[in-house]
Amino acid sequence: MNKNNNKMDLLGNAPVPQALMALGIPIMIGMLINALYNLVDAYFIGGLGESQMGAISIAFSVV
């Protein structure tokens, strides 16, 4: 319960730059990890052949 109050306090009373940094950094880290996962996946799938790489390229756009 205290953790939820801290988040509400951050959104309601904290200065905007501080709130953006506190909420934005975890989101950016998550997006970076997701992009790295996609790059590594494409590297290994690309080694299988052209048709497999085409299939994963279409799947990336769906995700």
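Residues numbered from 1 in each chain as written. Predicted model: local features only at pLDDT ≥ 70, side-chain atom pairs only at ≥ 80, totals over all residues. Heavy atoms only, no water.

(A) View of the packing of aromatic side chains. For the structure on display, the rule yields 1 aromatic pair. Summarising the aromatic geometry, the rings of Y43 and F44 are spaced 5.2 Å apart at their centres and angled 75° between planes, so their arrangement reads as edge-to-face. With relative accessibility at 64%, the residue Y43 sits in the exposed group. The class of F44 is exposed, set by a relative accessible area of 58%. (Phe/Tyr/Trp six-rings, centres within 6.5 Å; stacked < 30°, edge-to-face > 60°. Buried < 20%, exposed > 50% of the residue type's maximum accessible area, 1.4 Å probe, protein only.)

(B) Layout of a nonpolar patch on the surface. On the surface, M21, I25, M28, I29 and I33 cluster together into a nonpolar patch covering about 500 Å² of accessible area. Structurally, I29 can be placed in helix 2 (residues 16-46). A residue is classified by how much of its surface remains accessible, and I29, at 47% relative accessible area, is partly exposed. (Patch = residues over 30% accessible without salt bridge, like charges linked within 9 Å, V, L, I, M, F, W, Y side chains within 5 Å. Areas by Shrake-Rupley, 256 points an atom, 1.4 Å probe, with all protein chains shown as cover. Salt bridge = Lys/Arg side-chain N within 4 Å of Asp/Glu carboxyl O. Helix = DSSP H or I, 4+ residues; strand = E, 2+ residues; numbered from the N terminus.)

Distances and angles like these do not, on their own, reveal function.
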